[in-house]
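A structural walkthrough
Here is how the chains run, residue by residue.
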Amino acid sequence: MTNFDPNIPYNDLALLPPKQEFYNLATYKKVVKATDELSKLNGLLLSTWDNVTATMNMFNPFFAPEAEASSKVENIVTTTEEILLAGVLDESQQSPAQKEGRAYVNALAKGASIIESKKPLTTNSFLDIQDKLAVKAKGIRKTPGTQLKDDRTGKVFYTPPEGESRIRDLLQNLENFINIPNDEIDPLINMALMHYQFEAIHPFYDGNGRTGRILMPLYLELSHKTRYPFLFISGYILKHKPEYYSKLRNVTEKGEWLQWVDFILEGATATAKRMSDTLIQIKEQKDQASSLLGENIGTRHNDLVQFVFNEPIFNRLQLADSLGIHNHTSTKYAEYLVETKIVTKQKFHKQWVYINVGLVRLLQKYAQWD
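Read on for an overview of the structure. (Residues numbered from 1 in each chain as written. Predicted model: local features only at pLDDT ≥ 70, side-chain atom pairs only at ≥ 80, totals over all residues. Heavy atoms only, no water.)

1. Details of the overall build of the protein chain
Each helix and strand in the protein chain was counted, giving 15 helices and five strands. On C-alpha atoms alone, the protein chain measures out to a radius of gyration of 22 Å, which is about the 21 Å that the 2.2 N^0.38 rule sets for 370 residues. Dimensions of the protein chain, computed from C-alpha atoms along their principal axes, come out at roughly 70 × 45 × 35 Å. Taken across its 370 residues, the protein chain has 53% of its residues classed as buried. Of the accessible surface of the protein chain, which amounts to about 16,900 Å², a share of 49% is contributed by carbon and sulfur atoms. Computed over 43 positive and 44 negative side-chain charges, the inter-centroid distance for the protein chain is 4 Å. (Helix = DSSP H or I, 4+ residues; strand = E, 2+ residues; numbered from the N terminus. Rg over C-alpha atoms; globule rule 2.2 N^0.38 Å. Buried < 20%, exposed > 50% of the residue type's maximum accessible area, 1.4 Å probe, protein only. Areas by Shrake-Rupley, 256 points an atom, 1.4 Å probe, with all protein chains shown as cover. Lys, Arg positive; Asp, Glu negative; His and termini not counted. Charge placed at Lys NZ, Arg CZ, Asp CG, Glu CD.)

2. Points about helix 4 (residues 96-116)
Over its 21 residues, helix 4 extends 30 Å from the first C-alpha to the last, a length consistent with the 30 Å expected when each residue adds 1.5 Å. One or two steps after helix 4, the chain reaches Lys 118, where phi turns positive at roughly 65°. (Expected span 1.5 Å × (residues − 1).)

3. Notes on the side chain of Thr 252
Assignment of secondary structure puts Thr 252 in helix 10 (residues 241-254). Engagement of the side chain of Thr 252 in a polar contact is seen with the side chain of Tyr 196, the distance being 2.7 Å. (Polar contact = N/O pair within 3.5 Å; in protein donor to acceptor, adjacent residues only side chain to side chain.)

4. What about the sheet that holds strand 4 (residues 344-348)?
The three strands are arranged 3-5-4 in an open sheet whose pairing can be described as antiparallel. Two strands in the sheet have a free side with no partner beyond their single neighbour: strand 3 (313-314) and strand 4. Pairing of strand 3 with strand 5 (residues 351-355) involves two bridges; the strand directions are antiparallel. If you follow Ile 313 over to strand 5, its bridge partner there is Ile 355. (Pairing = 2+ DSSP bridges.)

5. Some thoughts on the packing of aromatic side chains
One pass over the full model with this rule turns up 17 aromatic pairs. Each ring, one from Phe 4 and one from Tyr 10, has its centre 5.3 Å from the other, and the planes form 85°; the classification is edge-to-face. In this structure Tyr 10 comes out as buried when scored by relative accessible area, which is 12%. Ring centres 5.7 Å apart and planes at 75° place the aromatic pair Phe 63 and Phe 232 in the edge-to-face group. Of this pair, Phe 63 sits in helix 2 (residues 52-73) while Phe 232 sits in the loop between helix 8 (208-222) and helix 9 (234-239), and the two are 169 residues apart along the sequence. The pair Phe 63 / Phe 232 is uniform in exposure class, with both members buried. Through pairs of rings, three or more aromatic residues link up here, namely Tyr 236, Tyr 244, Tyr 245, Trp 260, Phe 263 and Trp 369. Of note, Arg 274 hangs over the ring of Trp 369, and the distance from its end group to the ring centre comes to 4.5 Å. (Phe/Tyr/Trp six-rings, centres within 6.5 Å; stacked < 30°, edge-to-face > 60°. Lys NZ or Arg CZ within 6 Å of the ring centre and 35° of its normal.)

6. Here we look at the packing of helix 4 against helix 8
The N-to-C vectors of helix 4 and helix 8 enclose an angle of 25°; their axes lie 10 Å apart at closest approach. Taken together, the axis directions place helix 4 and helix 8 in an arrangement best described as roughly parallel. For the crossing formed where helix 4 meets helix 8, the hand is right-handed. Where helix 4 abuts helix 8, its residues Glu 100, Tyr 104, Ala 107, Leu 108, Gly 111, Ala 112, Ile 115 and Glu 116 lie against Arg 210, Arg 213, Ile 214, Leu 218, Glu 221 and Leu 222. The residue inventory of the contact of helix 4 with helix 8, partitioned by class, reads eight nonpolar, one polar and five charged. (Axes fitted to C-alpha atoms, helices over the stretch in contact; angles between N-to-C directions. Parallel < 35°, antiparallel > 145°, perpendicular 65-115°, else oblique. Left-handed = near helix turned anticlockwise from the far one by under 90°. Contact = heavy atoms within 4.5 Å. Nonpolar A, V, L, I, M, F, W, Y, C, P; charged D, E, K, R; others polar.)

7. Concerning the pattern of salt bridges
Going through the model one piece at a time under the given rule, you end up with 18 salt bridges. Among the salt bridges present, the one from Lys 225 reaches Asp 186, with a minimum N-O distance of 2.9 Å. Linking Lys 225 in the loop between helix 8 and helix 9 with Asp 186 in the loop between helix 6 (164-179) and helix 7 (187-201), this pair joins segments that are 39 residues apart in sequence. Across the pair, Asp 186 and Lys 225 agree in class, each one buried. Linking Glu 221 and Arg 227 is a salt bridge whose minimum nitrogen-to-oxygen distance equals 3.7 Å. Judged by its relative accessible area of 6%, Glu 221 is buried. Among the ionic contacts, a cluster of salt bridges with common partners joins Asp 36, Glu 37 and Lys 40. (Salt bridge = Lys/Arg side-chain N within 4 Å of Asp/Glu carboxyl O.)

8. A few points about the pairing of strand 4
With five bridges joining them, strand 4 and strand 5 adopt antiparallel strand pairing. Note on strand 5: the bridge partner recorded for Lys 345 is Tyr 354. Hairpin connection between strand 4 and strand 5: a loop of two residues separates the two successive antiparallel strands, and His 349 in this loop has a positive phi of roughly 50°.

9. Some points on the side chain of Lys 241
On the secondary structure map, Lys 241 appears in helix 10. Contacts of Lys 241, omitting those with residues within four sequence positions, involve Lys 72, Val 73 and Asn 75.

10. Here we look at unusual backbone geometry
Here the residue pair Leu 16 and Pro 17 is connected by a cis peptide bond, since its omega of 0° sits within 30 degrees of zero. If you trace the backbone, Pro 17 turns up in the segment before helix 1 (25-48). The backbone of Lys 118 shows a phi angle near 65°, a positive value even though the residue is not glycine. Since its relative accessible area comes to 65%, Lys 118 is described here as exposed. A positive phi angle, near 50°, is found at His 202, a position not held by glycine. For His 202, the location among the structural elements is in the loop between helix 7 and helix 8. On the basis of relative accessibility, which here comes to 10%, the residue His 202 falls in the buried class.

What follows is the structure, given as structure tokens:
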């Protein structure tokens, strides 16, 4: 590592797995702790929601806080509420930051669909995820000149590998690492190795960080560490952003793999616990809403409650489409939700928008890591 020069393309980037022993006692304890929190989260999901579809739908609202945090890592500032609101606005009514946030939500959904279809994660998968992001230059880098610089000083701190052939060779190695089971190393450690490698390859002109963060929960489900692709770690990364970038660079410059792996394990532990706590609060809100509605909606009672907690901000047309009901009926349902104070309504761009304020607040709190 002593020969590393940040100004020269890092075509000597080593293949995975690294020649490193990861099972020291301290790291093993971190793996156990993270696994325990993930097991609690998996158990909570299996015992709380009725079926796979209901459970997957519960993750939809979490896409927005993940999009907020991941966007902020890239210095794109928006909020969970703004991203959710963008889902009911025409594209022409959205701010640039809202468009970025919604694009990230779409990229997350694309990644989840790849995993749920039981397909492997390949270079084409990476490209499909990047394609959903709001980036202008898409595809594998073909021309030289990409360098990563300090925003304040302009100093180059990393020049990724160059040459499409070299980049694709490195991605092929990454594909093999991701998709060929390796029982000798825990998937949580492999997730950290995978994320570093993707960021070091830096295969795209733009969208590398966001794509790399999306790959982490996908890998955990692919490797059967989790049942669903839910471990959205961007909030933890944002809270520890300087440390995140410092530890990434120290792997490249000093070979400090253990410190990097420990950082990601700590992030996985904190994220899983935070999501469990938030899901318990969401379940409490959902049960309260169900009680407030009573049986006055008739046979659609459960569907209506489910919708309000899958789509925290919605309009009447979305409600009608989701429940398969007439627009007149959806208006009646929406107004009844307002009467029972389950949602509030506000006017945006000449349309009424309904907001599950309690849920939005929980999601916003989840995103901020205060």
